[in-house]
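# Observations on the model geometry
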Amino acid sequence: MFISVFGYSLWNPVIWLIVFVIMAVVVYLFRSRGQEQYKRDTEQTRVFLSGEEVPGAEKVNIRAHNIYWGFFETLKKYYMVLVKPHTGIINDYVTWLVLVTALGAVTLYIVG
Amino acid sequence: MSTLILHSPILIIAIPLLVAFLIPLVGRASEKARNTLVISALVFVEFLVILLARDVFVNGIHVYTLGAVSADLTVPEHFIVPVRIILEVDGMSVFMGLITATVSLAAAIYSIAFMRKETGRDNFYTLLMLLVVGMFGMEFTGDMFNLFVFLEVASIAGASLAAFRLRFADSAEGGLKYVVLSSIAGLLVLFAIGLLYSQYNVLNMAAIASFIQYTALDKIALMLLVGAFVMKLGGVPLHMWTPDTYTVAPAGVTAMLVAASQASMYALFRTCFTIYGGALNLMTVGWIIIIFGILSMFIGVTMALPQTDIKRLMAYHAISQSGYMLLGVGVGLAVLGNPEALNSYGITAMIGSIFHIMNHALYKGLLFLTAGALFYVTGTRDLNKMGGLAHKMKFTTVFFIIGALSIAGIPPFNGFASKVLIYESVYQFSPVLSIIAMVVSILTLASFAKAFNSAFMGPELPQYANAREVPKSMIIGMAILASVIVFFSLCPGLVIDWLVEPAANALVNQGLYINTVMGAVVP
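Residues numbered from 1 in each chain as written. Chains lettered and ligands numbered in written order. Predicted model: local features only at pLDDT ≥ 70, side-chain atom pairs only at ≥ 80, totals over all residues.

## Things to note about the overall build of chain B
Regarding its fold elements, chain B presents 19 helices and 2 strands. In terms of C-alpha radius of gyration, chain B reaches 22 Å, essentially the compact-globule figure of 24 Å for 523 residues. In terms of overall dimensions, chain B has a C-alpha envelope of 75 × 60 × 40 Å along the principal axes. Counting all 523 residues of chain B, 63% fall into the buried class. Considering only residue pairs separated by 6 or more positions, chain B has 81% of its internal contacts joining residues 24 or more positions apart. (Helix = DSSP H or I, 4+ residues; strand = E, 2+ residues; numbered from the N terminus. Rg over C-alpha atoms; globule rule 2.2 N^0.38 Å. Buried ≥ 20, exposed ≤ 12 C-beta atoms within 10 Å, placed from the backbone. Contact = placed C-beta atoms within 7 Å.)

See below:
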């Protein structure tokens, strides 16, 4: 099914919006059949950690550098190679510009 | 109204230029008067761009010859080549003009509150207007040397704006990197223009296109231009300045630097499709651009993932998204000489990429503005120090979600609309390239899920107990971009039919571009 031929068809955003609205209505119906005695900011809503003391918000919050640790550990070698050229030194940036332009010019001269 | 439309190309460039020089005078009288002048000028320019766009899409290419008896007198009597500076606005130029106008307006409104605590605001708005002048000039000009001039105007204004907040040590470094690399890129462009002028004795783009023979010197000039423009748009491996500069610039300025990088991308496409066109080795040059695209996509997103500085993360994503545009247009260029392939998937690839240019300018601009909002409230860009901000910054959270889902290519947002066109068309050219593009989208979603979780999710942190939503002008600036994104998301077909497809056809139709200026003159 190609969009250029058939238009967005199933990917039409209006269809997605209608589906989202229907799902939102279904979710609301499920929630409305929940516990009526539920009250916010009371003992009912306190976090329970098997009787342990609950740490403060600062300790509970997951920090950005902890996220995807496994991904970065697996690709350690890739990142070692990738990060190396990003020296932050402007001389290196200029070298890249000149070398890539020269390489491209030679390629075009030889290949056409 | 017809006079306004006739002179609109030069007015769109001249009005911001005039306002840039008036700002220091008006700013002495009153800050409110200065802000009103800036916003009014940009609103009027937006109106002019819309008028011009309508004229171009209905009546065809709009030429404007500076200093001539009539605006469409491109080749004077007794001459066989154009001798004046000509502004030639086709579908692609005016498409880029719409992006520039919208992003500039949103960024200027946003900056009213964001820059309130900074000193030297008159200088800031003067430079902002000069950056706008540079961008419009690059997009509308039909003259190579004029392109160089406006490239330099945009580069210097952009670098000055990036380094504006000198109280931060890294601001000067970011601005310096941008200005040094832009100067060298400008010199490469000037050298290329010199090579072309020495052979063909003309500077007009249409005239060069009609004379070009793809000699050895032309090949060197092409690579000089490609290298310079790829560096300006932040393409890998010439991208390293991008995170350094985008991170330190004020948020509104970063959004405009993104739009400026798209203006450089436009210059690259104009060079390849219009100036060189069918003369060059389409498959070779097409693959060079595709390789730049693939490298940008993959390296951009993998470098973004480990970042904990939110603006640096977004800057790497800007590099990655530029890769999609290079990929699609590269495929279009590679099959330009093959009518069957061009009609089957080439034009679709170009439509997807050109649509992606506009979508990217909008959602990346929005994301940088939300990053600015986070910095405004928390005083830091470090995601490790943020958390639970969704409790206090509801508008910013919603705008971030819109931007993040768009950039990740999640339906029904506009990012998906352009990406699916690129996936489908590039798949027919090479399935591997399309699969790489899809993997990059998944990694983009992962990256923004990380950023969203770190900044907005989780319990309220005690240090942000007194945090509040950002001022109204910043919300309005973000809302302008978000509402355009939502509109594009709901009506992608409309945008493609009215804006994108004419732009793609304008790029492909080199003959019409040449004939509009050169007419029936035989060199």
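## Section: the interface of chain A and chain B
How big an interface is tends to be stated in terms of the accessible area lost upon association of its parts. Taken together, the 38 residues of chain A in the interface contact 51 residues of chain B. Ranked by residues supplied to the side of chain A that touches chain B, first place goes to helix 6 (residues 90-111) of chain A with 12 residues. Residues belonging to the side of chain A that touches chain B are distributed by class as follows: 27 nonpolar, 9 polar and 2 charged. (Nonpolar A, V, L, I, M, F, W, Y, C, P; charged D, E, K, R; others polar.)

## Concerning unusual backbone geometry
For the bond from Val 236 of chain B to Pro 237 of chain B, the omega torsion is 5°, close enough to zero to count as cis. Along the chain, Pro 411 of chain B connects to Pro 412 of chain B via a cis peptide bond; the corresponding omega equals 5°. Relative to the helices and strands, Pro 412 of chain B is located in the loop between helix 14 (394-407) and helix 15 (414-429). With phi around 65°, Tyr 68 of chain A is a residue other than glycine that occupies positive phi space. Considering the arrangement of structural elements, one finds Tyr 68 of chain A in the loop between helix 3 (57-60) and helix 4 (69-74). In the Ramachandran plot, Tyr 214 of chain B falls in the positive-phi region, its phi being about 60° despite a non-glycine side chain. Summarising the element assignment, Tyr 214 of chain B is placed in the loop between helix 7 (205-211) and helix 8 (216-233).

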